[in-house]
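Coordinate analysis (summary)
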Amino acid sequence: MTDIEIDDMLGGTEEVAGWTLRIGDEGVITQATDAMGRSFRLGQRLTANGRFGAPRGSVGVLVQIHRPFYDGRTSDILKVLFENPVALVVNMKIKDLEL
């Protein structure tokens, strides 16, 4: 059984504003894929490009994925925890990351 099949059994997938969201068994968004095919999973390590929030080259962990267009959010749906040089949690857009 693939990860997609397991996620579909537990919570399913949902299309929201060009994003495909995988929903876990407790309603938590576990993965988000944009219309260009870029995919982000909880626990994934991401690198800041220095545009916003964290210094360039800072590596953080994706700790939460917000539902697009919920509570006023548009594209800053990735909540990343950076720990160097100090702990910092930032809601980021894809354009704020090195991919």
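In what follows, the structure referred to is the one given above.
Presented here is a report on the structure given in the accompanying data block. (Residues numbered from 1 in each chain as written. Predicted model: local features only at pLDDT ≥ 70, side-chain atom pairs only at ≥ 80, totals over all residues. Heavy atoms only, no water.)

Here the focus is unusual backbone geometry. Not every positive phi belongs to a glycine, and Ala17 is a case in point at roughly 50 degrees. Looking at the secondary structure, you find Ala17 in the loop between strand E1 (13-16) and strand E2 (19-23). (Helix = DSSP H or I, 4+ residues; strand = E, 2+ residues; numbered from the N terminus.)

All right, on to the pattern of salt bridges then. Summed over all chains, the structure comprises four salt bridges. Arg51 is paired through a salt bridge with Asp96; the nearest N and O atoms lie 3.3 Å apart. Here Arg51 is found in the loop between strand E5 (45-48) and strand E6 (59-65), whereas its partner Asp96 is found in the loop between strand E8 (88-92) and strand E9 (97-98), with 45 residues between them in sequence. With relative accessibility at 3%, the residue Asp96 sits in the buried group. The partner of Arg56 in a salt bridge is Glu98, and the shortest N-O contact between them spans 3.7 Å. One end of the pair, Arg56, is in the loop between E5 and E6; the other, Glu98, is in strand E9, and 42 residues separate them in sequence. Owing to a relative accessible area of 64%, Arg56 belongs among the exposed residues under this scheme. (Salt bridge = Lys/Arg side-chain N within 4 Å of Asp/Glu carboxyl O. Buried < 20%, exposed > 50% of the residue type's maximum accessible area, 1.4 Å probe, protein only.)

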